[in-house]
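Listed below are the residues making up each chain.
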Protein chains: 2
Amino acid sequence: MRYHRSDIVDRAIGVLDEYGLESLTMRRLAAELDVQPSALYHHVPNKQTLLAAVADEIVRRGRRPRRAETWDGRVVELCGELRDAMLAYRDGAEVVVTAHTFGLGAREPVAELRRCLRDAGLTEEVGDVAARTLLHLVFGHTVEEQTALQATSAGAIDRSPWGPTDFERGLDLVLDGLRCRVRD
Amino acid sequence: MRYHRSDIVDRAIGVLDEYGLESLTMRRLAAELDVQPSALYHHVPNKQTLLAAVADEIVRRGRRPRRAETWDGRVVELCGELRDAMLAYRDGAEVVVTAHTFGLGAREPVAELRRCLRDAGLTEEVGDVAARTLLHLVFGHTVEEQTALQATSAGAIDRSPWGPTDFERGLDLVLDGLRCRVRD
DNA sequence: ACCTGAACACCGTTCAAGT
DNA sequence: ACCTGAACACCGTTCAAGT
């Protein structure tokens with residue numbers, strides 16, 4: 001039985017979660033699949049593309065049903081889902097953010113955020129700026145949070161400065177600004 | 001005449017700006033200084049530390065005199081200065097953000113931001129959350145902006161979606177939320 | 001103290017050759 | 001079509017030896 005692209009991505013996520021991003025090399029992944037490094041290039045054009053696929057899959061696996069009925073409740077839900085998705089795998093935030101930086105993968109969350117803000121009655125311009133702002137917030141916070149979490153679990157620092165509500169508080173700051181504009 | 005640490009950092013910024021982050025290798029930098037790669041390790045313990053020093057220097061070179069008299073004007077000034085500092089060198093945003101992610105370098109801007117928000121009368125808690133939120137915003141926006149700018153100058157895309165006021169608009173969103181809290 | 005030269009243990013990627 | 005085996009052109013870092 002031969003491998004498919006999804007097998008490579010699945011195994012890549014396994015290596016990522018178990019050994020971290022710095023250990024996720026093409027050679028290491030190939031060894032894990034009992035295959036020559038060159039064999040991977042029949043399923044994926046290069047490492048960057050593989051990492052983008054990994055990022056997409058991490059985000060996809062974190063999807064949850066929508067519950068909130070207000071637009072701002074939905075924003076909190078969306079951002080929380082994205083954060084949890086990234087935190088679910090070691091170095092997940094790093095991978096997703098890097099992929100997004102290069103314009104690859106993980107485009108679905110920002111699209112959904114934008115739709116949500118448009119439905120709230122914001123202009124296309126304000127909605128787009130707000131969607132990007134919120135995404136930057138979620139990305140920045142989560143990378144920092146995950147770095148701190150992984151540092152503490154490695155025994156480097158004793159306690160992290162992250163309360164469970166720290167994320168929501170940053171979010172609320174932006175939402176306050178948005179709620180003003182919605183009412184206009 | 002022997003090299004000093006600052007010579008290595010200066011030259012590293014030169015290589016970064018001219019050839020980009022992917023070309024800034026220890027071996028390339030050594031060649032540029034007409035020295036063996038191993039010689040660099042007498043001035044810097046490893047590449048990560050060197051990049052943190054590069055990040056600090058990029059931020060330091062961007063410093064400008066303070067003019068604003070209101071606290072929110074000062075926040076805009078501070079964030080604008082940091083953005084301009086990172087945009088001044090090729091891949092500058094990437095380098096500064098990465099260093100910050102690993103808890104190295106570029107700690108001064110966030111400290112100044114925090115002082116500014118405390119002086120505005122915010123509680124220590126809200127001020128800290130806000131300072132991090134603003135930093136994430138500046139970092140996220142600027143990395144994206146620089147990637148777009150460098151892509152267009154490489155001829156990949158024709159026009160960028162970044163108006164000159166796009167940055168300030170995202171900032172204003174957060175500032176609106178903060179201004180509400182200051183008045184309480 | 002600062003640098004050289006050589007080595008160690010890796011990378012991502014390509015490509016002819018096999019099945 | 002999918003994989004092997006070998007190679008190419010690199011990395012960061014270490015360390016004995018020189019001056």
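Residues numbered from 1 in each chain as written. Chains lettered and ligands numbered in written order. Predicted model: local features only at pLDDT ≥ 70, side-chain atom pairs only at ≥ 80, totals over all residues. Heavy atoms only, no water.

- Per an unreviewed UniProt entry, chain A carries the name TetR/AcrR family transcriptional regulator C-terminal domain-containing protein and comes from Saccharopolyspora montiporae.

## Regarding the overall build of chain A
Logical step 1: Scanning chain A from N- to C-terminus turns up eight helices and zero strands.
Logical step 2: Along the first, second and third principal axes, the C-alpha atoms of chain A reach 60 × 40 × 25 Å.
Logical step 3: The buried share among the 184 residues of chain A stands at 47%.
Logical step 4: Here the contacts in chain A between residues at least 6 apart in sequence split such that 67% fall between residues at least 24 apart.
Logical step 5: Entry remark: accessible area of chain A is about 9,500 Å², with carbon and sulfur atoms responsible for 48%.
Logical step 6: Put simply, chain A has 25 plus and 30 minus side-chain charges, and the middle of one group is 3 Å from the middle of the other. (Helix = DSSP H or I, 4+ residues; strand = E, 2+ residues; numbered from the N terminus. Buried < 20%, exposed > 50% of the residue type's maximum accessible area, 1.4 Å probe, protein only. Contact = heavy atoms within 4.5 Å. Areas by Shrake-Rupley, 256 points an atom, 1.4 Å probe, with all protein chains shown as cover. Lys, Arg positive; Asp, Glu negative; His and termini not counted. Charge placed at Lys NZ, Arg CZ, Asp CG, Glu CD.)

## Regarding the UniProt feature "domain: HTH tetR-type" (unreviewed entry) in chain A
Logical step 1: When the UniProt feature table is mapped onto this chain, "domain: HTH tetR-type" (unreviewed entry) is found at residues 2-62 of chain A.
Logical step 2: Note that residues 2-62 of chain A is 61% helix and 0% strand, and that its end C-alpha atoms are spaced 28 Å apart. (UniProt positions renumbered as here; feature names shortened; annotations may be inferred.)

## Topic: the domain arrangement of chain A
Residues and elements named next belong to chain A.
Logical step 1: As far as domains go, chain A holds domain 1 (5-46) and domain 2 (59-183).
Logical step 2: In this structure, domain 1 and domain 2 have C-alpha centres spaced 28 Å apart.
Logical step 3: Contacts between the two partners involve eight residues from domain 1 and, on the opposite side, seven residues from domain 2.
Logical step 4: For the pair domain 1 and domain 2, the summed buried surface comes to about 640 Å²; carbon and sulfur atoms form 58% of the total.
Logical step 5: Three residues stand out in domain 1 for area buried against domain 2, namely Leu16, Asp17 and Leu21, and they jointly supply 60% of the buried area on that side.
Logical step 6: Across the domain 1-domain 2 interface, the total number found is one salt bridge.
Logical step 7: Arginine 61 is the partner of aspartate 10 in a salt bridge, and the nearest nitrogen-oxygen pair spans 3.0 Å.
Logical step 8: Inspection of the domain 1/domain 2 interface yields four residue pairs in polar contact (both at pLDDT 80 or more).
Logical step 9: Split by residue class, the side of domain 1 that touches domain 2 holds four nonpolar, one polar and three charged. (Domains from an automatic or database assignment. Buried area = accessible area lost by both parts, 1.4 Å probe. Salt bridge = Lys/Arg side-chain N within 4 Å of Asp/Glu carboxyl O. Polar contact = N/O pair within 3.5 Å; in protein donor to acceptor, adjacent residues only side chain to side chain. Nonpolar A, V, L, I, M, F, W, Y, C, P; charged D, E, K, R; others polar.)

## Regarding the protein's contact with DNA strand C
Logical step 1: Residues in close proximity to DNA strand C total 16 residues, the closest being A:Arg27, B:Gln36, B:Ser38, B:His42 and B:His43.
Logical step 2: A share of 46% of the atoms of DNA strand C within 4 Å of the protein falls on sugar and phosphate groups.
Logical step 3: One of the side-chain N or O atoms of A:Thr25 is found 3.4 Å from a phosphate oxygen in DNA strand C.
Logical step 4: Side-chain polar atom of B:His42 to a base nitrogen of DNA strand C: 3.0 Å apart, as the coordinates give it.
Logical step 5: In terms of residue class, the surface near DNA strand C is made up of five nonpolar, seven polar and four charged. (Near = heavy atom within 4 Å.)

## Describing helix H3 (residues 47-61) of chain B
Residue and element names in this part refer to chain B.
Logical step 1: Over its 15 residues, H3 runs 21 Å from end to end, which matches the ideal 21 Å to within 8%, given 1.5 Å per residue.
Logical step 2: Listed in full, the buried residues belonging to H3 are Leu50, Ala52, Ala53, Val54, Ala55, Glu57, Ile58 and Val59.
Logical step 3: The secondary structure elements touched by the buried residues of H3 are helix H1 (5-19), helix H2 (26-32), helix H4 (71-87), helix H5 (92-101) and helix H6 (108-119).
Logical step 4: A side-chain oxygen of the first residue of H3 lies 3.4 Å from the backbone nitrogen of glutamine 48; this N-cap is asparagine 46. (Expected span 1.5 Å × (residues − 1).)

## Considering the UniProt feature "DNA-binding region" (unreviewed entry) in chain A
Logical step 1: Under the UniProt annotation, "DNA-binding region" (unreviewed entry) lies at residues 25-44 of chain A.
Logical step 2: Within residues 25-44 of chain A, the helical portion is 35% and the strand portion 0%, while the C-alpha atoms at the span's ends are 13 Å from each other.

## Details of the protein's contact with DNA strand D
Logical step 1: What surrounds DNA strand D is a group of 16 residues, the closest being A:Ser38, A:His42, A:His43, B:Arg27 and B:Tyr41.
Logical step 2: Within 4 Å of the protein, atoms of DNA strand D come from sugar and phosphate in 46% of cases.
Logical step 3: Measuring from a phosphate oxygen of DNA strand D, one finds a backbone N or O atom of B:Met26 at 3.0 Å.
Logical step 4: In terms of residue class, the surface near DNA strand D is built from five nonpolar, seven polar and four charged.

## Re the pattern of salt bridges
Logical step 1: Applying the stated criterion to the full structure yields 42 salt bridges over all chains.
Logical step 2: Note that B:Arg60 and B:Glu57 form a salt bridge whose closest N and O atoms lie 3.1 Å from each other. You can see B:Arg60 and its partner B:Glu57 sitting in helix H3, three residues apart, about one turn around the helix.
Logical step 3: Relative accessible area serves as the criterion here: at 49%, B:Arg60 is assigned to the partly exposed category.
Logical step 4: Owing to a relative accessible area of 17%, B:Glu57 belongs among the buried residues under this scheme.
Logical step 5: Where B:Arg61 meets B:Glu57, a salt bridge forms, and the shortest distance between an N and an O atom there is 2.8 Å. With a gap of four residues between them, B:Arg61 and B:Glu57 both fall in helix H3, about one helical turn apart.
Logical step 6: What you see here is one network of salt bridges that share partners, running through A:Arg63, A:Arg66, A:Glu77, A:Glu81 and A:Glu112.

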